[in-house]
Amino acid sequence: MAAYQLNDLVSTFMATRTGEGIASGLQYSLRLQELILGIFAVSIGTVILPDLTGLANNKKWEEFNDMLIQSLKIMTLISIPVTAYSLVTGRELISLLYRGKAFDDTSVALTLGVFNFHICGLEFIALNRIISPAFYAQKNTKPPALAGIISFISNILLVLILVHPMGGNGIALALSIASFINTVFLFIFMRKMEAMNVKKVVISTILYALKMIVYSVIAALPCYFLRPILLNTFAGHGKLIGYGLPVAILAVVFAVVGILELIITRDDMVKAIIGKFRK
């Protein structure tokens with residue numbers, strides 16, 4: 001799991017040699033992304049590890065696969081909508097959290113550009129936090145470590161390729177692609193695991209991800225058109241009201257539309273995710 005932190009280190013090192021303010025923009029963007037990961041991904045990953053371990057020890061492989069699929073779907077149900085919402089309200093989120101005398105419009109724009117590419121990798125980073133415990137539960141730590149090494153090497157190569165044409169945005173994009181590569185290799189290595197129904201796990205995850213992308217786009221559309229109206233309404237009332245209220249109102253709108261979509265389609269992950277968070 002240290003691969004993500006190592007990739008972060010490489011990104012920061014390259015950013016300091018790319019241009020003024022890029023390293024800071026990367027760090028501000030990463031902290032915002034990690035806040036989101038800490039609330040959801042780390043929590044759910046921590047909860048499922050002992051459950052998966054117990055099922056593996058008792059050789060209950062069907063239940064093991066079902067729990068893994070359910071956890072991947074729950075993570076997808078969270079991370080893809082959060083990504084869509086962040087892409088719509090990224091400027092306001094960054095302004096609300098960081099804007100000040102030294103953090104001006106230029107700083108917001110620089111951080112926003114990087115954040116848009118960082119947040120696109122949220123789904124893969126989150127999935128990695130779920131897939132890795134499936135290996136740990138079977139006392140097999142080598143595949144995740146190897147996948148992390150491949151991700152680390154890929155990130156270095158991608159940074160070298162993308163940093164010149166894209167600057168800081170290229171460094172952020174490299175990290176997201178490296179996280180995707182990590183996910184792909186975790187799925188590949190899963191094929192060698194005992195009694196793992198890899199085909200079912202992969203297909204279920206991909207189909208549910210596509211479903212969540214469609215739902216998220218639908219939920220984001222009213223937010224996209226409502227956003228400029230809210231910003232104009234609350235402009236000039238200070239940072240907390242000027243940015244905070246639009247962020248909060250848009251979050252409510254996005255959540256209401258998204259929940260209605262899940263209820264109308266009777267999505268079976270709603271009950272599951274409530275149970276996980278209670279636990």
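Anything mentioned here points back to the structure above.
Residues numbered from 1 in each chain as written. Predicted model: local features only at pLDDT ≥ 70, side-chain atom pairs only at ≥ 80, totals over all residues. Heavy atoms only, no water.

Draft legend 1. Structural view of the environment of Arg129. If you trace the backbone, Arg129 turns up in helix H6 (residues 122–136). Residue Arg129 is classed as partly exposed on the basis of its relative accessible area, which comes to 22%. Counting along the chain gives 86 residues from Arg129 to Ser43, while the straight-line C-alpha distance between them is 9.6 Å. (Helix = DSSP H or I, 4+ residues; strand = E, 2+ residues; numbered from the N terminus. Buried < 20%, exposed > 50% of the residue type's maximum accessible area, 1.4 Å probe, protein only.)

Draft legend 2. Expanded view of the side chain of Asp267. With respect to the helices, strands and loops of the structure, Asp267 is situated in the loop between helix H10 (238–264) and helix H11 (269–278). Given the relative accessible area of 7%, Asp267 is considered buried. At 2.8 Å, the side chain of Asp267 forms a polar contact with the side chain of Tyr208. Those residues in contact with Asp267 that lie beyond four places of it in its chain are Tyr208, Lys211, Met212 and Leu262. (Polar contact = N/O pair within 3.5 Å; in protein donor to acceptor, adjacent residues only side chain to side chain. Contact = heavy atoms within 4.5 Å.)

Draft legend 3. The packing of helix H2 (residues 22–39) against helix H5 (residues 105–119), seen in detail. Closest axis-to-axis distance for the H2/H5 pair is 8 Å, and the angle between their directions is 45°. By the angle class used here, H2 and H5 are oblique. The interaxial crossing formed by H2 with H5 has right-handed handedness. In this structure, H2 contributes Ile22, Gly25, Leu26, Tyr28, Ser29, Leu30, Leu32, Gln33 and Ile36 to the contact, and H5 contributes Leu110, Thr111, Val114, Phe115, His118 and Ile119. A per-class count over the contact of H2 with H5 returns 10 nonpolar, five polar and no charged. (Axes fitted to C-alpha atoms, helices over the stretch in contact; angles between N-to-C directions. Parallel < 35°, antiparallel > 145°, perpendicular 65-115°, else oblique. Left-handed = near helix turned anticlockwise from the far one by under 90°. Nonpolar A, V, L, I, M, F, W, Y, C, P; charged D, E, K, R; others polar.)

Draft legend 4. Looking closely at the layout of surface pockets. The computed volume of the largest pocket comes to approximately 500 Å³. Taken together, 22 residues form the lining of the largest pocket, with Leu77, Ile78, Pro81, Ile259 and Leu262 sitting closest to its centre. Mapped onto the lining of the largest pocket, the elements with two or more residues apiece are helix H4 (61–98), helix H9 (198–234), H10 and H11. A total of eight residues in the lining of the largest pocket trace back to one element, the largest contributor, which is H10. Residues belonging to the lining of the largest pocket are distributed by class as follows: 19 nonpolar, two polar and one charged. Empty space within the second largest pocket amounts to approximately 390 Å³. Along the wall of the second largest pocket there are 21 residues; nearest its centre are Ile80, Glu123, Phe124, Ala209 and Ile213. Those elements that place two or more of their residues in the lining of the second largest pocket are H4, H6, helix H8 (168–190) and H9. In terms of residue count, H9 provides more of the lining of the second largest pocket than any other element does, eight residues in total. (1 Å grid on protein atoms, 1.4 Å probe; cavity = no way out; pocket = protein on both sides within 12 Å on 5 of 7 lines; lining within 4 Å. Points joined across faces, edges and corners; volume = space filled by probe spheres on them.)

Draft legend 5. Representation of the packing of aromatic side chains within the structure. Across all of its chains, the model carries eight aromatic pairs by this definition. Ring geometry for Tyr28 against Tyr98: centres 4.7 Å apart, planes inclined by 55°, an arrangement best described as tilted. Residue Tyr28 is located in helix H2, and its partner Tyr98 is located in helix H4; the two are separated by 70 residues in the primary sequence. Between Phe124 and Phe180, the aromatic rings sit 5.0 Å apart at their centres with planes inclined by 70°, giving edge-to-face as the arrangement. (Phe/Tyr/Trp six-rings, centres within 6.5 Å; stacked < 30°, edge-to-face > 60°.)

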